[in-house]
Amino acid sequence: MKKVLAIVLTVAMVLALTACGGGTGKASGGDVVKIGVYEPQSGDNGAGGKQEILGMQYANSVQPTVKIGGKEYKVELVYADNESSNDKAVSAASQLIGAGCSVILGSYGSGVSIAASDTFLEAGIPAIGVTCTNPQVTEGNSHYFRICFLDPFQGTVMANFAKATFGAKTAYCLGQLGNDYDQGLINYFKQAAEALGMKVTTEAFPEGNSDFTSYLTNAKNAGADVIFAPCSTSYAQLIIEQSATQGVSIPLLAGDTWDSNVILNAAAGKNLDIEVSTFYQEGANADFESSFKAWINGDSTNLANNGGNDTLAAVSVMGYDAYFTALAAMEKAGSIAAADIMKALPDTTYTGITGEIKFDATGDAERDSAVIKKVNTKDAAWEFVAVQGVN
Amino acid sequence: MSGFLEANLPYILAGISVGGQYALIAIGYTMVYGILRLINFAHGDVFMVAGLVMVYTSASMPMVLAIPVVILATVILGFAIERVAYMPLRSAPRMSVMISAIGVSYLLQNCALYFTGGLPKVYPEIPLLSNSVTIFGATTKVVTLITPVITLVLVIALVTFINKTKLGMAMRAVSKDFETSQLMGIRINNVISATFMIGCFLAAIGSLLYFSNYTSVIPTSGGMPGLKAFVAAVFGGIGSIPGAVIGAFVIGICENIIKGMGLTTFSDAFTFVLLIVILLVKPTGIFGEKATDKV
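Each value, and the rule that gives it
- Residues numbered from 1 in each chain as written.
- Chains lettered and ligands numbered in written order.
- Predicted model: local features only at pLDDT ≥ 70, side-chain atom pairs only at ≥ 80, totals over all residues.
- Heavy atoms only, no water.
- Pairing = 2+ DSSP bridges.
- Helix = DSSP H or I, 4+ residues; strand = E, 2+ residues; numbered from the N terminus.
- Axes fitted to C-alpha atoms, helices over the stretch in contact; angles between N-to-C directions.
- Contact = heavy atoms within 4.5 Å.
- Salt bridge = Lys/Arg side-chain N within 4 Å of Asp/Glu carboxyl O.
- Polar contact = N/O pair within 3.5 Å; in protein donor to acceptor, adjacent residues only side chain to side chain.
- Nonpolar A, V, L, I, M, F, W, Y, C, P; charged D, E, K, R; others polar.
- Parallel < 35°, antiparallel > 145°, perpendicular 65-115°, else oblique.
- Left-handed = near helix turned anticlockwise from the far one by under 90°.
- Core = buried A, V, L, I, M, F, W, Y, C linked by side-chain atoms within 4.5 Å.
- Buried < 20%, exposed > 50% of the residue type's maximum accessible area, 1.4 Å probe, protein only.
- Phe/Tyr/Trp six-rings, centres within 6.5 Å; stacked < 30°, edge-to-face > 60°.
- Expected span 1.5 Å × (residues − 1).
- Domains from an automatic or database assignment.
- Buried area = accessible area lost by both parts, 1.4 Å probe.

Caption draft 1: Up close: the sheet that holds strand β4 (residues 103–105) of chain A. Residues and elements named next belong to chain A. Pairing in this open sheet of six strands is mixed, and the strands run β2-β3-β1-β4-β5-β6 from one edge to the other. Of all strands in the sheet, those with a lone pairing partner are β2 (65–68) and β6 (144–146), marking the two edges. Recorded for the sheet is a direction-independent mean angle of 35° between the axes of neighbouring strands. With respect to the sheet, helix α12 (residues 314–333) is in contact with β1 (32–39), β2, β3 (71–81), β4 and β5 (127–129), its orientation differing from that of β2 by roughly 25°.

As structure tokens, then:
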């Protein structure tokens with residue numbers, strides 16, 4: 001009896017597999033070009049990754065085809081979830097390579113981008129980082145590009161801002177232990193802040209930590225004027241919540257990860273001062289935003305992926321620009337072969353919603369200003385503060 | 001003095017409250033171990049599921065109703081896990097049951113991942129528990145203060161239950177000698193189910209208290225608290241309820257004092273160093289009975 005069952009199960013599995021094979025064979029036929037979406041859809045950065053994907057999906061709905069060398073190609077987005085984890089990065093990357101992607105977009109979170117970089121390099125596929133801000137992503141390689149600003153810039157901007165706005169003398173930095181993004185950005189903030197004569201205390205919390213009360217008490221006891229905590233949104237939510245209940249009213253500063261409606265929801269109705277640096281301020285391009293919002297509201301899955309409301313995150317807008325940058329590179333290359341796109345990318349330019357995108361010798365977009373915005377805790381909305389450069 | 005208190009009281013408060021929450025989870029580990037000699041790896045995930053159920057139920061019904069529903073659902077879950085994943089393996093080698101427990105743990109995490117879509121869920125505010133209070137200049141949530149009280153009340157109730165009732169006596173008998181108690185007419189399946197249900201009831205209370213303090217639930221939320229509660233149970237002597245409670249408070253308080261000393265990086269390492277030290281120095285834990293057949 002058991003043998004019969006085993007045979008039946010084996011046959012069922014084989015059939016299922018052949019069915020799969022047939023399906024992919026059909027899809028890869030025809031004039032399709034595949035763009036790999038290498039983003040976290042779960043884990044600590046799942047919320048941010050999903051918002052970045054939304055931008056790409058919206059861009060894909062605006063322009064689903066691309067004309068290359070006089071031939072019309074349908075653009076297909078292929079997704080792989082890197083689960084916000086460096087361990088899962090390589091297998092997610094291989095999945096995209098296996099699917100035959102011509103170019104990769106992503107990821108949200110620098111750590112996973114660095115972890116998968118070599119896998120893309122070996123496969124000869126170019127990657128365009130959307131909001132990974134750690135310098136190491138593009139440093140010393142020729143296949144990783146990026147369209148956002150970098151951490152040395154962002155860290156300096158925030159240090160200047162802390163000094164100018166709060167007259168900060170002491171800063172307390174808090175990041176996740178072993179997270180490339182957190183620790184990188186804190187390091188650059190610290191360098192800039194110390195150059196400005198501030199005293200900086202740095203602490204780190206382990207992955208999966210949920211008790212931040214002791215860290216906040218440490219910040220208070222250190223006499224901090226500002227807390228700089230550029231961690232992922234799942235921890236940010238807890239830090240905000242606990243600093244409100246603990247009555248710690250030190251201003252919270254952070255980088256681009258905090259530009260998310262997760263933060264707005266957590267801070268709603270609380271007496272806190274939260275300021276973040278980011279890529280784009282909602283309200284800068286009304287036409288684009290109203291149609292993007294209509295698209296988000298038109299589908300319950302999109303709405304859920306955007307955190308339940310239609311506040312636009314800067315990462316979504318960056319995702320949108322990244323998609324069109326990839327199309328521009330393909331058009332310039334006149335081919336859908338990964339090697340040709342890689343050759344064309346350094347000279348690709350594109351004027352997107354977030355400004356002009358043009359790559360320098362390292363493969364980074366030349367950006368010289370960041371938007372600083374502040375949480376309006378009464379309306380749970382972002383308020384524009386300043387456009388800040390480094391000088 | 002008041003300055004010192006104001007600066008350091010938050011660490012102690014956080015420690016006591018975290019300790020109480022670990023204690024409620026640790027009792028679940030220790031009771032199941034006492035009876036089945038099984039380390040129920042899925043226990044931390046049951047705790048996480050209780051948190052998620054609360055997120056969903058509180059969205060659709062008033063809080064007065066949601067809390068009993070959460071507790072009931074968690075108890076039923078514990079019962080179901082035991083019936084489906086552990087009972088059929090009653091006569092199998094102990095290792096098989098343990099592997100089954102690891103399987104259940106991953107199953108629960110992945111189901112949670114599927115339902116939440118991988119995004120952190122914000123835990124609802126429970127009136128009373130989530131309010132802020134100020135004592136000696138330190139501001140904290142009410143839940144921090146009442147956690148140790150609730151923990152102690154529940155532990156005393158549980159110990160009384162085990163020592164004074166018939167079912168409690170049956171539990172003690174089963175934990176002393178599995179086969180003989182069966183011969184003496186104890187329905188061990190009922191006793192084991194009751195043990196799981198009590199463990200899950202305490203985990204549900206623990207999750208109410210824990211997530212009111214740390215208001216975000218993700219599929220791996222049960223991992224760290226579960227692991228630390230397990231260490232607490234081993235530290236106190238696995239199988240011993242007072243041991244688990246004391247172990248949990250020791251770990252909770254030490255962890256927070258270490259954070260307060262500026263050694264934040266090592267706060268988790270401390271817990272696991274403690275595990276290694278206790279296993280080397282006194283393998284049976286503080287209150288553990290001498291046993292010959294541990295896994």
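Read on, since the account is not over.
Caption draft 2: Molecular detail of the sheet that holds strand β7 (residues 170–176) of chain A. All names here are of chain A. The strand order across the open sheet built from seven strands is β8-β7-β9-β10-β11-β14-β15, with neighbouring strands paired in mixed fashion. Since the sheet does not close on itself, it has two edges, and those belong to β8 (199–205) and β15 (381–388), each with one partner. Strand-to-strand twist across the sheet, computed as the mean angle between neighbouring axes with direction ignored, equals 25°. With seven bridges joining them, β7 and β8 adopt parallel strand pairing. Looking at the pairing, Q176 lines up with F205 of β8. Sitting on the sheet, helix α5 (residues 151–166) touches β9 (226–228), β10 (252–254), β11 (274–278), β14 (370–376) and β15, and the angle it makes with β11 is about 145°. Along the sheet, helix α8 (residues 233–245) makes contact with β7, β8, β10 and β11, crossing β10 at roughly 170°.

Caption draft 3: Quick look at the interface of chain B and chain A. If you look at the interface, chain B gives 31 residues, while chain A gives 30 residues. Linking chain B with chain A are zero salt bridges, by the criterion used here. Viewed at the interface, chain A and chain B are joined by six residue pairs in polar contact (both at pLDDT 80 or more). Breaking the side of chain B that touches chain A down by element, the ones donating at least two residues are α1 (2–36), β1 (121–122), β3 (138–141), α8 (188–213), α10 (241–260) and α11 (267–281) of chain B. The element contributing the most residues to the side of chain B that touches chain A is α1(B), with five residues. The residue inventory of the side of chain B that touches chain A, partitioned by class, reads 13 nonpolar, 14 polar and four charged.

Caption draft 4: Spotlight on the packing of helix α3 (residues 63–86) of chain B against α8(B). Residue and element names in this part refer to chain B. Where α3 contacts α8, the two axes come as close as 8 Å, and the packing angle between them is 140°. In terms of axis orientation, α3 runs oblique to α8. Of the two elements, α3 crosses α8, and the hand of that crossing is right-handed. Of the residues in α8, those in contact with I67, I71, T74, V75, G78, F79, E82, R83 and Y86 of α3 are N189, N190, I192, S193, F196, M197, C200, F201, A204, I205 and L208. For the contact of α3 with α8, the per-class residue count stands at 13 nonpolar, five polar and two charged.

Caption draft 5: Region of the structure containing the nonpolar core. Among the nonpolar cores identified, the biggest contains 111 residues, and A:I240, A:W258, A:I274 and B:Y86 are the most heavily contacted of them. Looking at this core, the element that brings in the most residues is α8(B), giving 14 residues. In this structure A:W258 touches A:A229, A:P230, A:C231, A:A236, A:I240, A:L252, A:I263, A:I274, A:V276 and A:W382, once residues within four positions along its chain are discounted.

Caption draft 6: Spatial organisation of the environment of B:Y86. All names here are of chain B. Assignment of secondary structure puts Y86 in helix α3. Considered as a pair, Y86 and V97 are 11 residues apart in the sequence and their alpha carbons are 6.0 Å apart. Setting aside anything within four residues of it in sequence, one finds Y86 in contact with L38, N40, A42, I81, V97, S100, A101, V104 and F196. Here N40 takes part through its side chain, which lies 2.7 Å from a polar atom of the side chain of Y86.

Caption draft 7: Structural context of the packing of aromatic side chains. Using the criterion set out here, one finds 31 aromatic pairs over all chains in the structure. Here the aromatic rings of B:Y86 and B:F196 are separated by 5.6 Å at their centres, their planes lie at 45°, and the arrangement is tilted. In this pair, B:Y86 is assigned in helix α3 and B:F196 in helix α8, connecting sequence segments 110 residues apart. Per residue, the accessibility class of B:Y86 equals that of B:F196, and both read buried. Within the aromatic cluster, the residues linked to one another by ring pairs are A:Y58, A:F288, A:F292, A:W295, A:Y320, A:Y323, A:F324 and A:Y350.

Caption draft 8: Structural context of helix α6 (residues 180–195) of chain A. Residue and element names in this part refer to chain A. Between its first and last C-alpha atoms α6 spans 23 Å; for 16 residues at 1.5 Å apiece the expected length is 22 Å, and the two agree. Buried within α6 are the following residues: Y181, D182, G184, L185, I186, F189, A192 and A193. Against α4 (110–123), α5, β7, β8 and β9 lie the buried residues of α6. With a side-chain oxygen lying 2.9 Å from the backbone nitrogen of Y181, the N-terminal cap of α6 falls on N179. Directly after α6, the chain includes G197, whose backbone phi takes a positive value near 85°.

Caption draft 9: Spotlight on the domain arrangement of chain A. Residues and elements named next belong to chain A. The assigned domain composition of chain A is domain 1 (32–149 + 288–359) and domain 2 (151–278 + 371–388). Contact residues are listed per partner, giving 20 residues for domain 1 and 24 residues for domain 2. Contact with domain 2 buries surface across domain 1, with D44, T133 and F149 losing the most and accounting together for 35% of the total. Counting the contacts that link domain 1 with domain 2 gives seven residue pairs in polar contact (both at pLDDT 80 or more). Of all elements in the fold, only α2 (46–62) and α4 reach the threshold of two or more residues within the side of domain 1 that touches domain 2. Broken down by element, the residue count for the side of domain 1 that touches domain 2 peaks at three residues, all from α4. In terms of residue class, the side of domain 1 that touches domain 2 is made up of seven nonpolar, 12 polar and one charged.

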